[in-house]
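# Summary of structural features
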Amino acid sequence: MNQFTTSRRAAFAVGMTGLAAGLAGPALAQPSTQPSGTPPHPHRGPMRPRPPGGPDLIRGFSRERLARMERAFADEAERGSFAGCVALVAREGEIIHHEAYGHQDAARTTPMPRDAIFLQASMTKPMTSAAAMMLVEEGRMKLSDPITRWMPELANLKVERRRDGQPPEEVALERPITVQDLLRHTSGFAYSNAVPSERIRDAYREQNIEAGREAITGDEMLRRLGGIPLAFQPGTMFFYSISTDVLGLLIERVAGQRLDRLLQERLIGPLGMRDTAWFVEPGKRGRLAESPTTDPQTEPMWRAYRILEDDAGRSYLKGGAGLVSTAADYFRFAQMIANGGHFEGRRYLAAPVVNYMLSNHIQGMGGSPTASTGPGYGFGLGFAVRLQDGLGVAPGSRGDAMWAGAWGTSFTIDRAEGLVGILMAQGPSARGQTRMLFKNLVYGAMVESRRA
């Protein structure tokens, strides 16, 4: 047994004794026996609603078809895509399916609980983007504002120009990077594992821009980033990147508040997302879902995420990748977006602002989010958006919104169908397979459409 496995098991052992030994099988959750009106358990999420209608249908979904998830997810666990997962499906705000499948641990000894905690990775991005748009609504910044207004460290950025047969050269920016560029990934920034320039890739890694090697403060990260050329001219290319990490640092400066505190006050706390945080407290670590140790991405990604350390104050909090959450928690955020910015009597964003966020903002530019979404999607402000009914590799509706995380989490919001679907899994290498499988299973169970 290697040191990584030993330390992981030691961390995950905390709190395991509270799990009932008799809970076996892939679908752990049981119907609630609480009387009507009783508040849900603080960690188990909303009570499963009592379904209306006939014996098979619930809000236009077939229970028999929803039950297909058990066999499909068991097959994925068997082939090593993940140890287990949690799936949640809601229609018109009502949770109609919330089940746990498989196992929580890589050794497959502990059944997956519905309240398991998962690393969200890039599913952090929509929440940071929503917080940024709250500041836009309040007039504290505009989408057209140059980010150097608050980030002078980036005032002297250049762009690397690459031409066949010639060495790369650095040229001036044709226009400044704007707040909108950060929200839609058209800033010219990159991720080191995908940038089309070895020189920029090496600089990101040597300068620890993504805080993968060790802690680095936000001020120091921006100072170093300001000396690395952009991969593209701003506003010309969608390129998935650290843009939302930079956005998180930007809204800290605009609001004069640390990112974790800002999100807690504006979204996480008011929405009742009790298990969503940047750091997993010791008492909750027994609910962390594990990725298979056979997955080659598990160990290096685990080292980079450091969710068992409280980095606040000593390293910048990644607005694009830092949160952990549960299916029940993330549903509350996703349903707020599906509702046009309100949830349980409280308004978070104006309805026209949500509509604007879920519109395509990369028309006429190069690049697309196809690597994450499959074909047929553009990108809005923090969300990928479907451009038409056809073309995609899974069912959906024009205008549906989705995003996903590198660990294996994903969501879809289809307002035309009144649908919110959440998949929580930890299996980075198979994430493309499992997110599309989940969409096929969800739409395959939707036997009644709300569309004409």
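This text follows the structure it describes.
Our subject in this report is the structure included herewith. (Residues numbered from 1 in each chain as written. Predicted model: local features only at pLDDT ≥ 70, side-chain atom pairs only at ≥ 80, totals over all residues. Heavy atoms only, no water.)

### Here we look at the overall build of the protein chain
Counting its secondary structure elements, the protein chain contains 14 helices and 15 strands. Per-residue burial over the protein chain gives 57% buried out of 452 residues. Within the protein chain, counting contacts between residues at least 6 apart in sequence, those at least 24 apart form 71% of the total. Summing over all exposed atoms, the protein chain offers an accessible surface of approximately 18,200 Å²; the carbon and sulfur share of this is 49%. (Helix = DSSP H or I, 4+ residues; strand = E, 2+ residues; numbered from the N terminus. Buried < 20%, exposed > 50% of the residue type's maximum accessible area, 1.4 Å probe, protein only. Contact = heavy atoms within 4.5 Å. Areas by Shrake-Rupley, 256 points an atom, 1.4 Å probe, with all protein chains shown as cover.)

### Description of the pattern of salt bridges
Taken as a whole, this structure holds 33 salt bridges when the rule is applied. In this structure, the salt-bridge partner of Glu-220 is Arg-224, at a minimum N-O distance of 2.8 Å. Taken together, the residues span about one helical turn, with Glu-220 and Arg-224 both in helix H7 (residues 218-225) at a distance of 4 residues. Among the residues examined, Arg-224 registers a relative accessible area of 22% and is labelled partly exposed. The salt bridge involving Glu-309 is made with Arg-314; its shortest N-O contact spans 2.6 Å. (Salt bridge = Lys/Arg side-chain N within 4 Å of Asp/Glu carboxyl O.)

### A look at the sheet that holds strand S14 (residues 410-414)
An order of S4-S3-S15-S14-S13-S12-S11 is seen for the 7 strands of this open sheet, with the pairing classed as antiparallel. Taken across any chain shown, the strands that pair with only one partner, and hence form the sheet edges, are strand S4 (94-102) and strand S11 (377-379). Here the strands of the sheet are splayed against their neighbours by 15 degrees on average, with no regard to which way each runs. Strand contacts of helix H14 (residues 431-445): strand S3 (84-91), S11, strand S13 (401-404), S14 and strand S15 (419-425), with the helix running at about 140 degrees to S15, the strand carrying the most contacts. (Pairing = 2+ DSSP bridges. Axes fitted to C-alpha atoms, helices over the stretch in contact; angles between N-to-C directions.)

### Some words on the side chain of Asp-414
One can find Asp-414 in strand S14. At 5.8 Å, Arg-451 is the nearest oppositely charged side chain to Asp-414, a buried residue that forms no salt bridge. At a separation of 2.8 Å, a polar atom in the side chain of Asp-414 contacts the side chain of Ser-397. Ignoring anything within four residues of it in the chain, the contact list for Asp-414 reads Gly-396, Ser-397, Asp-400, Leu-419 and Tyr-443. (Lys, Arg positive; Asp, Glu negative; His and termini not counted. Polar contact = N/O pair within 3.5 Å; in protein donor to acceptor, adjacent residues only side chain to side chain.)

### Quick notes on empty space enclosed by the protein
Inspection of the entire model under this criterion finds 1 cavity of 30 Å³ or more. Considering only enclosed or pocket space, the largest cavity measures out at about 180 Å³ in volume. Counted by class, the lining of the largest cavity contains 8 nonpolar, 2 polar and 4 charged residues. (1 Å grid on protein atoms, 1.4 Å probe; cavity = no way out; pocket = protein on both sides within 12 Å on 5 of 7 lines; lining within 4 Å. Points joined across faces, edges and corners; volume = space filled by probe spheres on them. Nonpolar A, V, L, I, M, F, W, Y, C, P; charged D, E, K, R; others polar.)

### Section: unusual backbone geometry
Here the phi dihedral of Ala-211 falls at roughly 55 degrees; this positive angle occurs in a residue that is not glycine. Along the chain, Ala-211 turns up in the loop between helix H6 (198-206) and H7. Even without a glycine there, the phi angle at Leu-391 is positive, about 80 degrees. When you line up the elements, Leu-391 lands in the loop between strand S12 (384-386) and S13.

### Quick notes on H6
Here H6 has its buried residues at Ile-200, Ala-203 and Tyr-204. Here the buried residues of H6 occupy an arc of 100 degrees about the axis, which is enough to place them on one side. Seen from the buried face of H6, the exposed residues on the opposite side, beyond 90 degrees, are Glu-198 and Glu-206. Tucked inside the fold, the buried residues of H6 contact strand S6 (159-161) and H7. (Arc of directions from axis to C-beta.)

### A few points about the nonpolar core
Phe-189, Val-246, Leu-250, Phe-333 and Ile-422 are the most contacted members of the largest nonpolar core, which totals 100 residues. Those residues in contact with Phe-333 that lie beyond four places of it in its chain are Pro-126, Met-127, Ala-130, Leu-271, Met-273 and Phe-383. In this structure, Ile-58, Phe-73, Phe-82 and Leu-441 belong to the second largest nonpolar core, which totals 23 residues. (Core = buried A, V, L, I, M, F, W, Y, C linked by side-chain atoms within 4.5 Å.)

### Describing the pairing of S3
The side chains of a regular strand alternate, first on one face of the sheet and then on the other. Counting buried positions over the 8 residues of S3 gives 8, a clear majority of the element. Residue alternation in S3 divides its side chains into two sets, Gly-84, Val-86, Leu-88 and Ala-90 and Cys-85, Ala-87, Val-89 and Arg-91, and both sets are buried. As judged from the 8 bridges shared by S3 and S4, these two strands associate in the antiparallel manner. In the strand pairing of S4, Ala-90 is matched with Ile-95. From the end of S3 to the start of S4, which pair antiparallel, there are 2 residues, and Glu-92 there has a positive phi angle of about 50 degrees. Here S3 pairs with S15 via 7 bridges, running antiparallel. The residue of S15 that forms the bridge with Val-89 is Gly-421.

### With respect to the packing of aromatic side chains
Note on aromatic pairs: each is described by the distance of the centres and the angle between the planes. For the structure shown, the criterion picks out 12 aromatic pairs. Centroid distance Phe-331 to Phe-343: 6.5 Å. Interplanar angle 85 degrees. Geometry classified as edge-to-face. Here Phe-331, found in helix H11 (residues 327-338), pairs with Phe-343, found in strand S9 (residues 342-343); they are 12 residues apart in sequence, far enough to count as distant. With relative accessibility at 3%, the residue Phe-331 sits in the buried group. Centroid distance Phe-383 to Phe-411: 6.1 Å. Interplanar angle 80 degrees. Geometry classified as edge-to-face. Of this pair, Phe-383 sits in the loop between S11 and S12 while Phe-411 sits in strand S14, placing them 28 residues apart in sequence. (Phe/Tyr/Trp six-rings, centres within 6.5 Å; stacked < 30°, edge-to-face > 60°.)

Such coordinate-based values are descriptive only and should not be taken to indicate function.
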